Amino acid sequence: MKKSLHTIDFEQRRKQLLTKIKKGVAVFPAAPEHIRNNDVHHEYRQDSNFYYLSGFEEANSILLFDSNSKTHFQMFVQPKDATKELWEGKIIGPEGAKKDFGAEAAFPSNDPKFFDEAFIKALLEAEVLYYRVGHNEDWDRRIFTLMKKAIRQLGRTGRAFWPIHDPNEILGEMRLIKTRAEAEQLEQAANITAEAHVSAMKIAKPGMFEYEIEAALYHAFRGQGAGRLGYGSIVAGGSNACVLHYVANNKKLEDKDLLLIDAGAEFEYYTADITRCFPVNGRFTPEQKEIYSAVLKAQKSCVKMARPGKSMKDLHNHAIEILVEELKRLKILKGTTTNLIKHKAYIPYYPHGTGHWLGMDVHDTGRYFSESYDTPRKLEPGMVITIEPGLYFAANAKGPHKYQGIGIRIEDDVLITASGNKVLTTGAPKEIEEIESLCNSN
Ligand SMILES: [Mn+2]
C-alpha cells in the first residue's frame with residue numbers, strides 16, 4: 001500500500017502512544033455493532049480512538065499495545081471468509097492487517113483464545129493496564145476475567161490487580177492537537193458543509209418542509225464525497241430553533257420563519273459543525289435583524305479573541321458580556337452588566353456554552369482544564385474549536401412579545417494557529433446582506 005501522509009500519521013500516533021503508556025499494556029476494542037431491528041444493523045462507524053490509531057474500519061477487531069514486548073502492536077481481526085465476503089464485501093484479514101495496517105502480529109478475532117492468551121502474556125510483564133472501563137459490559141467482563149486468570153497464574157504473591165487507566169486521557173490529549181493533515185481534513189469537511197449550508201439558503205422557500213432542507217443538506221454532503229453526517233442535522237424553522245437539540249425536522253416552513261440549521265459533514269472521520277440562520281422568505285424582519293445582529297456581534301468578537309493564551313472560558317465570558325450588553329440595549333434585560341452576569345440573568349436566552357473541541361467527534365476529546373482540573377486551559381496552536389453563541393426567545397416565554405419565537409445561533413469552526421486563528425467555515429456566509437442575497441439568488 002502506498003504510504004499516504006495519513007498512513008504515516010497512524011504510525012506516528014502508535015509510537016507516541018507506546019512512549020506514553022510506559023511499562024503498560026493498552027487494549028482498544030472496535031466499536032460494537034448495533035442491531036436496528038430484526039436482522040438490520042445500524043450503520044457501522046469505527047470507534048474514533050480505534051480509527052485514530054489504526055485507520056482500520058472493520059468491526060470485531062481489537063488493538064493490543066504492549067510497550068514491554070518486542071511485539072508492540074498486535075491486531076485481532078475478522079478472518080477472511082469467502083461466503084461472508086460474497087454478501088458483505090472484502091474482509092482484510094490478519095495477513096492484510098500486517099501488510100497494510102502496520103500490525104507486527106495479527107490473529108483471527110473469531111476465536112477468543114488468540115487475544116486472551118496474548119493479553120494475559122502481555123499483562124504478566126506489565127505494571128499498568130490502559131483500558132476504558134464502563135463503555136461495554138461484555139468487554140469489561142472479559143477484561144476482568146482475564147485479569148483474574150493472570151493473577152492466578154502468578155501463584156500466591158499477594159499482588160493486587162493491575163491499575164487500570166483510561167487511555168482516553170492520553171488519546172484525548174493527542175487528538176486535541178491536530179496535525180497538518182488532520183487540519184486539512186477538517187477544512188475539507190468544513191468546505192463541504194459550508195457548501196451544503198449555501199445550497200440550503202438558496203432552495204428554502206415558504207411552504208417547504210424542514211425535512212426537504214435536511215435532505216438537500218445530505219445530498220450536498222454525500223454528493224461532495226463526505227462519508228456520513230458528523231451528527232444528526234438540526235433543521236429548525238421558526239420557534240423550533242429555540243429547542244436546542246431539535247431533531248424532528250418535520251414542520252412546514254412559514255413565510256416569516258427563520259430557519260436555523262446546525263449540521264456537519266464527516267469527511268474521513270473528521271467532522272465539521274456549522275450553524276447558520278436565514279429567513280425562509282429571503283428577508284429578515286426588523287426584530288429578527290436585531291437579535292441576529294446581537295449574536296453576530298458576539299460571535300465575531302469571540303472569533304477575533306480566539307488565539308493561543310486565551311481559554312474557552314475566556315471566550316464564553318466574552319460572549320456573555322456582549323450578549324448581556326445587547327439584551328440591555330434591546331430592553332430585554334435591565335440593570336448593571338456586572339449584576340446581570342453575576343445573577344446569570346442571561347440564562348433564559350443563552351443557556352448553552354460558547355464552543356467545544358472539534359475533530360473526529362463533534363464534541364471532541366481532550367481536557368478543558370489544567371491537569372489538576374482547577375483552571376481553564378489555554379488554547380494552543382493545532383486545536384480546533386467551535387464558536388457558537390446564540391439567543392433564544394421561545395414562544396410564550398417571558399421577555400418582549402415581539403421577539404418570541406426567534407432563535408439564533410451562529411457557529412464557525414476555528415483552527416488555532418501560532419499567530420491567532422484560521423476560520424475554516426468562511427464558505428458559509430454570516431453577514432445579513434450576504435445571506436439575504438443568497439436566499440434571493442434562486
Ligand atoms: Mn457545535
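Residues numbered from 1 in each chain as written. Predicted model: local features only at pLDDT ≥ 70, side-chain atom pairs only at ≥ 80, totals over all residues.

What about the overall build of the protein chain?
Turning to step 1, where the next piece is worked out: Each helix and strand counted, the protein chain has 13 helices and 19 strands in total.
Turning to step 2, where the next piece is worked out: Scaling as 2.2 N^0.38, a compact globule of 442 residues should have a C-alpha radius of gyration of about 22 Å, and the protein chain matches this with 25 Å.
Turning to step 3, where the next piece is worked out: Summarising its shape, the C-alpha atoms of the protein chain cover approximately 75 × 50 × 40 Å along the three principal directions.
Turning to step 4, where the next piece is worked out: Residue burial in the protein chain is summarised as follows: out of 442 residues, 39% are buried.
Turning to step 5, where the next piece is worked out: For the protein chain, contacts bridging at least 24 residues in sequence account for 71% of all contacts bridging at least 6. (Helix = DSSP H or I, 4+ residues; strand = E, 2+ residues; numbered from the N terminus. Rg over C-alpha atoms; globule rule 2.2 N^0.38 Å. Buried ≥ 20, exposed ≤ 12 C-beta atoms within 10 Å, placed from the backbone. Contact = placed C-beta atoms within 7 Å.)

Quick word on the environment of P108
Turning to step 1, where the next piece is worked out: With respect to the secondary-structure elements, P108 resides in strand β6 (residues 105-108).
Turning to step 2, where the next piece is worked out: Along the sequence, P108 and P79 sit 29 residues apart, while their C-alpha atoms lie 5.1 Å from each other.

Points about the nonpolar core
Turning to step 1, where the next piece is worked out: Within the largest apolar cluster, 113 residues are counted, with the highest numbers of intra-cluster contacts made by L259, L323 and I385.
Turning to step 2, where the next piece is worked out: Among the elements that make up this core, the one with the highest residue count is helix α8 (residues 180-203) (nine residues).
Turning to step 3, where the next piece is worked out: In this structure, this core is formed jointly by two domains, domain 1 (5-173) and domain 2 (177-439), each of which donates at least three residues.
Turning to step 4, where the next piece is worked out: Aside from chain neighbours lying at most four places away, what touches I385 is A306, M312, G355, H356, W357, L358, V414 and I416. (Core = buried A, V, L, I, M, F, W, Y, C linked by C-beta atoms within 7 Å. Domains from an automatic or database assignment.)

A word on the packing of α8 against helix α9 (residues 210-223)
Turning to step 1, where the next piece is worked out: For the pair α8 and α9, the least separation of the axes is 9 Å and the interaxial angle reads 145°. You can see that α8 and α9 cross each other, and the crossing is right-handed. Across the interface between the two elements, I192, E195, A196, S199, A200 and I203 of α8 pack against I213, A216, L217, A220 and F221 of α9.
Turning to step 2, where the next piece is worked out: For the contact of α8 with α9, the class distribution of residues is nine nonpolar, one polar and one charged. (Axes fitted to C-alpha atoms, helices over the stretch in contact; angles between N-to-C directions. Left-handed = near helix turned anticlockwise from the far one by under 90°. Nonpolar A, V, L, I, M, F, W, Y, C, P; charged D, E, K, R; others polar.)

Focus on the sheet that holds strand β11 (residues 258-263)
Turning to step 1, where the next piece is worked out: The strand order β10-β11-β14 describes an open sheet built from three strands, whose pairing is antiparallel. At either margin of the open sheet sits one strand with a lone partner, and together these are β10 (234-237) and β14 (274-279). Taken over all neighbouring pairs, the strand axes of this sheet differ in orientation by 10° on average, direction set aside.
Turning to step 2, where the next piece is worked out: Relative to β14, β11 runs antiparallel, the two being bridged by six bridges. In the sheet register, I261 faces β14, and the bridge partner there is R276.
Turning to step 3, where the next piece is worked out: Lying over the sheet, α8 contacts β11 and β14, oriented at roughly 15° with respect to β14. (Pairing = 2+ DSSP bridges.)

Overview of helix α5 (residues 112-124)
Turning to step 1, where the next piece is worked out: The terminal C-alpha atoms of α5 lie 18 Å apart, and with 13 residues this matches the ideal 18 Å at 1.5 Å per residue to within 8%.
Turning to step 2, where the next piece is worked out: When we look at burial in α5, the residues that qualify are F115, A118, F119, A122 and L123. Angular distribution of buried residues about the axis of α5 spans 130°; they occupy a single face of the element. In α5, the exposed positions angled more than 90 degrees off the buried face are occupied by K113 and E117.
Turning to step 3, where the next piece is worked out: Here the buried face of α5 lies against β1 (24-29), β4 (62-66), β5 (73-77), β7 (128-130) and α6 (137-153). (Expected span 1.5 Å × (residues − 1). Arc of directions from axis to C-beta.)

Brief notes about the domain arrangement of the protein chain
Turning to step 1, where the next piece is worked out: The domain boundaries assigned to the protein chain delineate domain 1 (5-173) and domain 2 (177-439).
Turning to step 2, where the next piece is worked out: Domain 1 and domain 2 are separated by 37 Å when their C-alpha centres are compared.
Turning to step 3, where the next piece is worked out: Facing 11 residues of domain 1, the contacting portion of domain 2 comprises nine residues.
Turning to step 4, where the next piece is worked out: Of all the secondary-structure elements, those providing two or more residues to the side of domain 1 that touches domain 2 are α1 (5-20), α2 (48-54) and α7 (168-176).

Brief notes about α9
Turning to step 1, where the next piece is worked out: An ideal rise of 1.5 Å per residue puts 20 Å on 14 residues; α9 measures up with 20 Å between its terminal C-alpha atoms.
Turning to step 2, where the next piece is worked out: Residues of α9 that are buried: E210, I213, E214, L217, A220 and F221. Buried positions in α9, seen along its axis, are confined to an arc of 125° and lie on one side of it. Of the exposed residues in α9, the ones pointing more than 90 degrees away from its buried face are H219 and G223.
Turning to step 3, where the next piece is worked out: If you follow the buried residues of α9, they end up packed against α8, β9 (228-229), β10, β11 and β12 (265-267).
Turning to step 4, where the next piece is worked out: Phi turns positive one or two residues past the end of α9, at G225, with a value near 95°.

Considering the packing of α5 against α6
Turning to step 1, where the next piece is worked out: Packing of α5 against α6 leaves a shortest axis separation of 10 Å and a crossing angle of 55°. Considering the angle they form, α5 stands oblique to α6. Pair α5 / α6 crosses with right-handed handedness. Counting all contacts with α5, which are made through D116, F119, I120, L123 and L124, the residues of α6 involved are L146, M147, K149, A150 and Q153.
Turning to step 2, where the next piece is worked out: Classifying every residue of the contact of α5 with α6 by side-chain character gives seven nonpolar, one polar and two charged. (Parallel < 35°, antiparallel > 145°, perpendicular 65-115°, else oblique.)

Overview of the sheet that holds β9
Turning to step 1, where the next piece is worked out: Within the open sheet, the three strands sit side by side as β9-β12-β13. Their pairing is antiparallel. The sheet is open, and its two edges are formed by β9 and β13 (270-271), each paired on a single side.
Turning to step 2, where the next piece is worked out: Against the sheet, α8 makes contact with β12 and β13, and its axis sits at roughly 145° relative to β12, the strand it touches most.

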